Amino acid sequence: MTGRDDNLISVFIDEEEFLVPPGTNMVEAARLAGKEIPHYCYHPKLSVTGNCRMCLMELGMPLKDHSTGEPIIDRRGLQKIGWMPRPAIACATRAFPGIHIKTDSELVRECRNGVMEFLLVNHPLDCPICDQAGECSLQEYAADYGRGYSRFVENKNVKPKRTRLGPRVMLDDERCILCSRCIRFCKEIAKDDVLGFVDRGSYSTLTCFPGKDLQNNYSLNTVDICPVGALTSIDFRFKMRVWFLKETPSICAESSVGVNTHIESREGKIYRITPRRNDEVNDTWIPDSGRILYKSIDTDERLIHYTIDGSHTLVDGAAKEAATLLREGAVAVVGSGRASVEEQYLLGKIASAVKAISVSLVSRTGDGDGLLVSADRNPNVRGALLTGLITSLPHANLGGLASAIESGEVRTILSFGEDLTQCGVEKQLLEKVNVIYFGSHCNETGEVAKVVFPTLTVFEKAGTFINQQFRLQKFLPAVPGPQGVLPDIVSLGKLCSILDGEAIPPTGPEGVWAEMNTEIPQFSAIDFENIPINGILIDGSQWEHLPFIEGMSLHYDPDNNRQIMAEVTKSK
Amino acid sequence: MAFKILERKPLNWAERTYLPQIITGLKITLWNLFQKKVTLEYPDVRPVIPEGYRGIPTLVKDPKGREKCVSCQLCEFVCPPKAIRIQPGEIPEDADYAHVEKAPKQFDIDMLRCIYCGFCQEVCPEEAIFLQNDFSLSGYSREEMVFPKAKLYEMGGTFPDQHNKWGKKQQAAEEAKAHG
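Calculation notes
- Residues numbered from 1 in each chain as written.
- Chains lettered and ligands numbered in written order.
- Predicted model: local features only at pLDDT ≥ 70, side-chain atom pairs only at ≥ 80, totals over all residues.
- Heavy atoms only, no water.
- Salt bridge = Lys/Arg side-chain N within 4 Å of Asp/Glu carboxyl O.
- Helix = DSSP H or I, 4+ residues; strand = E, 2+ residues; numbered from the N terminus.
- Domains from an automatic or database assignment.
- Contact = heavy atoms within 4.5 Å.
- Buried area = accessible area lost by both parts, 1.4 Å probe.
- Polar contact = N/O pair within 3.5 Å; in protein donor to acceptor, adjacent residues only side chain to side chain.
- Nonpolar A, V, L, I, M, F, W, Y, C, P; charged D, E, K, R; others polar.
- Expected span 1.5 Å × (residues − 1).
- Buried < 20%, exposed > 50% of the residue type's maximum accessible area, 1.4 Å probe, protein only.
- Arc of directions from axis to C-beta.
- Axes fitted to C-alpha atoms, helices over the stretch in contact; angles between N-to-C directions.
- Parallel < 35°, antiparallel > 145°, perpendicular 65-115°, else oblique.
- Left-handed = near helix turned anticlockwise from the far one by under 90°.
- pLDDT = per-residue confidence, 0-100.
- 1 Å grid on protein atoms, 1.4 Å probe; cavity = no way out; pocket = protein on both sides within 12 Å on 5 of 7 lines; lining within 4 Å.
- Points joined across faces, edges and corners; volume = space filled by probe spheres on them.

**So, the pattern of salt bridges**
In step 1: Applying the stated criterion across every chain yields a total of 42 salt bridges over all chains.
In step 2: Two residues, E267(A) and R85(B), come together in a salt bridge whose shortest N-O distance is 2.8 Å. Within this pair, whereas E267(A) is found in the loop between strand 13 (260-266) and strand 14 (269-275), its partner R85(B) is found in strand 2 (residues 84-90), the two belonging to separate chains.
In step 3: E126(B) serves as the salt-bridge partner of K165(B), at 2.9 Å between the closest nitrogen and oxygen.

**Looking at the domain arrangement of chain A**
How big an interface is tends to be stated in terms of the accessible area lost upon association of its parts.
Residues and elements named next belong to chain A.
In step 1: With domains assigned, chain A is organised as domain 1 (9-116), domain 2 (128-138 + 148-239) and domain 3 (306-566).
In step 2: For domain 1 versus domain 2, the separation of C-alpha centres amounts to 30 Å.
In step 3: Across the contact, 12 residues belong to domain 1 and 13 residues belong to domain 2.
In step 4: Carbon and sulfur atoms supply 55% of the area that domain 1 and domain 2 bury against each other, a total of about 970 Å² over both sides.
In step 5: At the boundary of domain 1 and domain 2, one finds 0 salt bridges.
In step 6: Here domain 1 is connected to domain 2 by 6 residue pairs in polar contact (both at pLDDT 80 or more).
In step 7: A class-by-class count of the residues in the side of domain 1 that touches domain 2 yields 6 nonpolar, 5 polar and 1 charged.

**Quick notes on the interface of chain B and chain A**
In step 1: Counting residues at the interface gives 27 residues for chain B, matched by 21 residues for chain A.
In step 2: Between chain B and chain A, roughly 1,900 Å² of surface is buried when both sides are summed, and carbon and sulfur atoms account for 54% of that area.
In step 3: K169(B) is the partner of D126(A) in a salt bridge, and the nearest nitrogen-oxygen pair spans 3.9 Å.
In step 4: Taken together, the connections running from chain B to chain A amount to 11 residue pairs in polar contact (both at pLDDT 80 or more).
In step 5: Elements supplying a minimum of two residues to the side of chain B that touches chain A: helix 3 (74-78), strand 2 and helix 6 (165-179) of chain B.
In step 6: Here the element with the most residues in the side of chain B that touches chain A is helix 6 of chain B; it accounts for 7 residues.

**Brief notes about helix 15 (residues 558-571) of chain A**
All names here are of chain A.
In step 1: Look at helix 15: 20 Å from first C-alpha to last across 14 residues, which is about the 20 Å you get at 1.5 Å a residue.
In step 2: Residues of helix 15 that are buried: N561, M565 and V568. Down the axis, helix 15 shows its buried residues gathered within 60 degrees of arc, on one side only. Exposed and facing more than 90 degrees away from the buried side of helix 15 are D559, Q563, E567 and K570.

**Thoughts on the packing of helix 8 (residues 341-353) of chain A against helix 13 (residues 488-500) of chain A**
The axes of two packed helices give the description: the angle between them and the distance between them.
Residue and element names in this part refer to chain A.
In step 1: Contact geometry of helix 8 with helix 13 gives a least axis separation of 9 Å together with a crossing angle of 20 degrees. In terms of their interaxial angle, helix 8 and helix 13 are classed as roughly parallel. Here helix 8 and helix 13 pass one another in a crossing that is left-handed. Side by side, helix 8 and helix 13 meet where E342, E343, L346, L347, K349, I350 and A353 of the first sit next to D488, I489, L492, G493, L495, C496, L499 and D500 of the second.
In step 2: Broken down by class, the residue content of the contact of helix 8 with helix 13 amounts to 9 nonpolar, 1 polar and 5 charged.

**Some thoughts on the confidence of the model for chain B**
In step 1: For chain B, per-residue confidence averages 92 on the pLDDT scale, and residues scoring 70 or more make up 99% of the total.
In step 2: Here the prediction assigns the complex a pTM of 0.89, and the interface score ipTM is 0.85.

**Notes on unusual backbone geometry**
In step 1: At the junction of Y42(B) and P43(B), the peptide bond is cis and its omega measures out at 5 degrees in the coordinates.
In step 2: In this structure, P43(B) sits in the loop between helix 2 (19-33) and strand 1 (57-59).
In step 3: Unlike most non-glycine residues, E15(A) shows phi in positive territory, near 70 degrees.
In step 4: Tracing the sequence through the fold places E15(A) in the loop between strand 1 (9-13) and strand 2 (16-20).
In step 5: In this structure, Q73(B) takes a positive phi of about 65 degrees despite not being glycine.
In step 6: Among the secondary structure elements, Q73(B) is positioned in the loop between strand 1 and helix 3.
In step 7: Overall, Q73(B) belongs to the buried group, its relative accessible area being 1%.

**Observations regarding the layout of surface pockets**
Residue and element names in this part refer to chain A.
In step 1: Reported here for the second largest pocket is a volume of approximately 1,100 Å³.
In step 2: For the lining of the second largest pocket, the secondary structure elements donating two or more residues are helix 3 (137-145), helix 5 (220-225), strand 11 (231-233), strand 13, strand 14 and helix 6 (288-291).
In step 3: When the residues that make up the lining of the second largest pocket are grouped by side-chain class, the tally is 16 nonpolar, 12 polar and 16 charged.
In step 4: Each of domain 1 (9-116) and domain 2 (128-138 + 148-239) contributes no fewer than three residues to the lining of the second largest pocket.

**Here we look at the packing of helix 2 (residues 106-121) of chain A against helix 3 of chain A**
Residues and elements named next belong to chain A.
In step 1: Relative to each other, helix 2 and helix 3 sit at 135 degrees, their axes nearing to 10 Å. As far as their axial angle goes, helix 3 and helix 2 are oblique. Here the hand of the crossing between helix 2 and helix 3 comes out left-handed. Across the interface between the two elements, R112, N113, M116, L119 and L120 from helix 2 touch L138, Y141, A142 and Y145 from helix 3.
In step 2: For the contact of helix 2 with helix 3, the residue count by class is 7 nonpolar, 1 polar and 1 charged.

Given below as structure tokens:
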């Protein structure tokens, strides 16, 4: 049964044979086999402690004769299975050839029932006021494996209900089932070992070490992995019940890591952002700073009108006016590393149609934390490289553009989402030229712009980003944008079709991808709808020599990535 | 043919006078005149509402005046015509019922949408919403018919709290504090 070519071993789950990689954790093996082993403390991305005892199962192994080493064969002619007299925990059992487990026997059911009863002994009846209700493992397993009523007549434990562990995390000690996931997360992933248990027995309490706070930039992940409602997000606390929230797959635009996220919204309002598991990018984590990005979309600062010289118009009017200005020539295009691949492609098309003097991108940099925030705070610089918008890495300062304006070389500037006054071009200088501005929020560039196109944020439109690994990842619109504002692809497409005389501008990313398929060799055979939810690696070896500023981060090593790119190239 | 044509019999002399029919009708009227009345002079006289009647839904308070709703939003979820709208809120830490932690900031029921199904009462884990005996509502505008929290409490009044869950909880906390 061992030593197959594909290096898989066979395990027997409820008397059915399944092939799994050797050393697979039995919780995962059962999941691969489509069976659920309930668990609280086990988390696929954390170390195993085995303290919740919920994943108890029956374990057996094929028997061998001690003296001869020959397998013992039973009357049916099969190797006899030696079942352990006591149940074992699945999370701390690794698959070995011929392992037998029972996930649904009488004993296992009894064990789960017993574990549930103990866990519920001191658990408060908080479900109506608990934010975890609806996504709570304790609720789910109580319904699946619990006894349905309580035999406990004594008083439940009283513990503190509102403890602030840090600026973003609130602890309710009564609800805690002591699974220690949060402790392990802080120690192993966030590398900020601040949590621990104090006291003994039913007095055990989760707490921060004296003088420490749970304030690292990954603290809210503890809230996500908390199987019960003990840790809650202060930001999301009591805002909305989770069963109302619609999850839309999206990509975090905080940095070039491209963290996979779920945007959770109800009726056009975003309530929270949670991580979406992608084992190639962010595992199951997201930085706290990426979770609050949605807050800027609902402000009064939003641009909501297409305007020409400050007076309202419609998109067609604005596009016509912009086209007239652009046709006059002497155009400089400033693109954005925050724009999607599709938008950058269209912008590139516009730039070549008007024979732009310069095309630049503005870089945004910060300190990388080696985990999920990289030094490059533009989510999509590589998209601009692939679409041919730029050929070298962007700079933070547009000094060259400023001097070109002063010398009169540039008469029209098309800025896509970048506030030029923030990157070295003075407002007085901008007043000398015609500015066409695409932007989602008001700023000084928008104020001096002759033509303004309001744009949507990443939460309101569909598109793709290419992250630091050259992984193409797509995001979908979670909430509608301001009334009357069309997707950026549509407004850019309209402008583009006026400039190069194409009859039908694209209405969505699908249309742009149909075009990019033929124009960009790396994108051939990709269409928007078929981009996998975990993204797809693009051959970026052509640009690997560029001095990208990202350092090491989770699942990304700049040196290693060259190799990966080489393999991608080879496979194509 | 699947039907048959019947010949209509000609009326006889007595029938042609219509008098027997009129007399029969008057007899019935006269008989009912002395029977027990089955109609009500609504709205001056109101019918007796039977037990378990489902009138308008209202919020109720417990005997101590605590608002029982904790804005779990289950009624909002279960409401078939989506008549209920809740905005949850937090009870501040220095309030009397701080241990309940959560209460509705806003609670609106659109009485024009409500179909009196009683699901909200059924689903409520805190026994905070009850369908009352009132059945007739009127207003001059649609906005007026969306009843806010204050009005729902005013109409709901106080209900006995047979479980006293939060009271027990507070008591347990105080006892624990006394024991150190």
